[in-house]
Amino acid sequence: PEESASEPTKVPTPEASGEVAAPEPPREEQAPQPQEPVTEAPDPEAPTAAKPVPPSEDVPSAPLRLTVEDVSDSSVTVSWEPPEKLGRLGLQGYVLELCEEGASEWVPVNARPMMVTQQTMRNLALGDKFFLRVAAVSSAGAGPPAVLDQPIHIQEIIEAPKIRVPRHLRQTYIRQVGEAVNLQIPFQGKPRPQASWTHNGQALDSRQATVRTGDQDSILFIRKAQRSDSGHYELTLQLEGLEAKAAIDILVIEQPGPPSSIRLLDVWGCNAALEWTPPQDTGNTELLGYTVQKADKKTGQWFTVLERYHPTTCTISNLIVGNTYSFRVFSENQCGLSTSAAVTKELAHIKKADIAAKSKGFIERDFSEAPSFTQPLADHTSTPGYSTQLFCSVRASPKPKIIWMKNKMDIQGDPKYRALSEQGVCTLEIRKPSPFDSGVYTCKAINVLGEASVDCRLEVKGES
């Protein structure tokens, strides 16, 4: 036991093949075995060199189904299945080795056997090309390896190009003449794809537009758009035989021209009929309609009669009799009204009809009426020292004379009372009444046709 415990301190030194770098060699038979992998390392054909040693019953067979699970730009992952025969001494792990393309030396990836059936190699350099093999290891030694048929090439991962067109560019992009066009189209792709633009199927003119392509987007810029810039633009990305395309429609518009001609068809009564022809230039877009205006010859001021009117004929009504009118028509699109209008050369004269007015005899009505109270006086209770008012309303023609009485005694001229009459409303104000002012108050209206009166009771309560 003491001799076997001292031996592991000598064995774990890294070997060329790594097939015998076991972490815990329990037997004395391990001393001669490190010499055998050294002789095998220079030979690139590892499976044929591993067969002569040691007896096949003690070492495991080759692992099964060695496959590459994943390859990135800096790592590779391989996996395998356990061998059919594990050997009489049991399995201690697996050793993974690589050999650069064009070289004959196999270099171990892991210095000691590992009990895993999948392993990832990291921190690999772009451009590396190598073979891989894996062997099962027991205490008697390494079995025959399983070798990949094709070399593994570490290269940059290609991500298919993909264009993400912004939502507002999925429909026709409209700009006015003279405005700037700045389209930023994001895309994906690795490595950076090659981008190209076309206009109506032709290569883009550098004098017409500027293109700047970065790692993640392509920008199309036109400083001052012209109508000739309208059309079908297409962005194409190419990467390692892969291709992606995106189409964008641009429409550059401006104000339309005026209608080609206009004429006055007919004038009758208070109406006038007009007709005009569409403009020759619609501003590179559809018309929204026409705006019709009229102007009186006396004032010369234009007033809008119809807006966004689509037909090319119209009838203008409610013209003033005796006036003379002229008419004009504007074209309208998304940019607004045309800078000028088509004006009628003829004037529309609204003539007066020969109508003789027949006057009817006027019968004068007699509005004379005897006084009558429409709102009588109401009984009232007041507090001493606080002025109070009595109200009533009377109707009469001619205007009646108003007389106020207290207890059937005329109180006109008394400074304690003030009488007012306006628009048939009669008011009597009693200034700072006292219990002595309690009594029956009467309002009498008198004119030439008769008289009328109303009365009420006023009670001024004394202080307790």
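In case you missed it, the structure is sitting above this.
Below is a short write-up of the structure. From a predicted model like this one, the values you see are computed outputs, not experimental measurements.

**Concerning unusual backbone geometry**
So, step 1. The peptide bond linking Lys190 to Pro191 adopts the cis configuration, its omega dihedral lying at -5 degrees.
So, step 2. As for its placement among the helices and strands, Pro191 is situated in the loop between β12 (181-190) and β13 (194-199).
So, step 3. Residue Glu240 is not a glycine yet carries a positive backbone phi of 50 degrees.
So, step 4. With respect to the helices, strands and loops of the structure, Glu240 is situated in the loop between β17 (231-239) and β18 (242-253).
So, step 5. At Asn284, a position not held by glycine, the phi torsion is positive, near 70 degrees.
So, step 6. Residue position: Asn284 is located in the loop between β20 (271-276) and β21 (289-296).
So, step 7. A relative accessible area of 27% places Asn284 in the partly exposed class.

**Section: the sheet that holds strand β19 (residues 262-268)**
So, step 1. In space, the three strands of this open sheet follow the order β19-β20-β23, with antiparallel pairing throughout. A single partner strand is all that each edge strand has here, and the edge strands are β19 and β23 (313-316). Adjacent strand axes in the sheet meet at a mean angle of 20 degrees when their direction is disregarded.
So, step 2. Note: β19 against β20, six bridges, orientation antiparallel. Across the sheet, the residue bridging to Asp266 is Ala273, located in β20.

**Regarding the sheet that holds strand β34 (residues 425-430)**
Pairing between the strands of a sheet is mediated by backbone hydrogen bonds and can be parallel or antiparallel.
So, step 1. Reading across from one edge, β28-β30-β34-β33 is the order of the four strands in this open sheet, with antiparallel pairing throughout. At either margin of the open sheet sits one strand with a lone partner, and together these are β28 (369-375) and β33 (417-422). Neighbour to neighbour, the strand axes of the sheet diverge by 25 degrees on average, direction disregarded.
So, step 2. Of the pairings in the sheet, the one linking β28 to strand β30 (residues 388-397) comprises four bridges and is antiparallel in character. Among the inter-strand pairings, Glu369 is bridged to a residue of β30, identified as Ser397.

**Describing the pattern of salt bridges**
So, step 1. Tallied over the entire structure, the rule returns 13 salt bridges.
So, step 2. Across the salt bridge formed by Arg227 and Asp281, the nearest N and O atoms sit 3.2 Å from each other. One end of the pair, Arg227, is in the loop between β16 (217-222) and β17; the other, Asp281, is in the loop between β20 and β21, with 54 residues separating them in the sequence.
So, step 3. Residue class for Arg227 comes out partly exposed when judged on its relative accessible area of 30%.

**A few points about the packing of aromatic side chains**
So, step 1. One pass over the structure, following the stated rule, counts four aromatic pairs.
So, step 2. Three or more aromatic residues joined by ring pairs make a cluster, and in this case those are Trp276, Tyr290 and Tyr309.
So, step 3. The ring of Trp302 is capped by Arg328, whose NZ or CZ atom sits 4.3 Å from the centre of that ring.
So, step 4. Of note, Lys406 hangs over the ring of Phe436, and the distance from its end group to the ring centre comes to 4.7 Å.

**Some remarks on the pairing of β34**
So, step 1. Of all six residues in β34, five are buried, a share of seventy percent or more.
So, step 2. In this sheet, β34 lies alongside β30 in antiparallel orientation, the contact comprising six bridges. Its bridge partner being in β34, Cys392 is matched across the sheet by Cys426.
So, step 3. The pairing of β33 with β34 spans six bridges and is antiparallel. Its bridge partner lying in β34, Ser421 is registered against Cys426.
So, step 4. Here β33 folds back onto β34, and the loop between the two strands holds two residues, one of which, Gln423, carries a positive phi near 55 degrees.

**As for the nonpolar core**
So, step 1. Within the largest apolar cluster, 22 residues are counted, with the highest numbers of intra-cluster contacts made by Ile163, Leu183, Ile185, Trp197 and Ile250.
So, step 2. Sorting the residues of this core by element identifies β12, β16, β17 and β18 as the ones contributing at least two each.
So, step 3. When residues in this core are grouped by element, the largest group, five residues, is from β18.
So, step 4. Excluding residues within four positions of it along the chain, Trp197 makes contact with Ile185, Ala203, Leu204, Val211, Ser218, Leu220, Tyr233, Glu234, Leu235 and Ile248.
So, step 5. Within the second largest apolar cluster, 20 residues are counted, among which are Tyr417, Cys426, Cys456 and Leu458.

Rules of the game
- Residues numbered from 1 in each chain as written.
- Predicted model: local features only at pLDDT ≥ 70, side-chain atom pairs only at ≥ 80, totals over all residues.
- Heavy atoms only, no water.
- Helix = DSSP H or I, 4+ residues; strand = E, 2+ residues; numbered from the N terminus.
- Buried < 20%, exposed > 50% of the residue type's maximum accessible area, 1.4 Å probe, protein only.
- Pairing = 2+ DSSP bridges.
- Axes fitted to C-alpha atoms, helices over the stretch in contact; angles between N-to-C directions.
- Salt bridge = Lys/Arg side-chain N within 4 Å of Asp/Glu carboxyl O.
- Phe/Tyr/Trp six-rings, centres within 6.5 Å; stacked < 30°, edge-to-face > 60°.
- Lys NZ or Arg CZ within 6 Å of the ring centre and 35° of its normal.
- Core = buried A, V, L, I, M, F, W, Y, C linked by side-chain atoms within 4.5 Å.
- Contact = heavy atoms within 4.5 Å.

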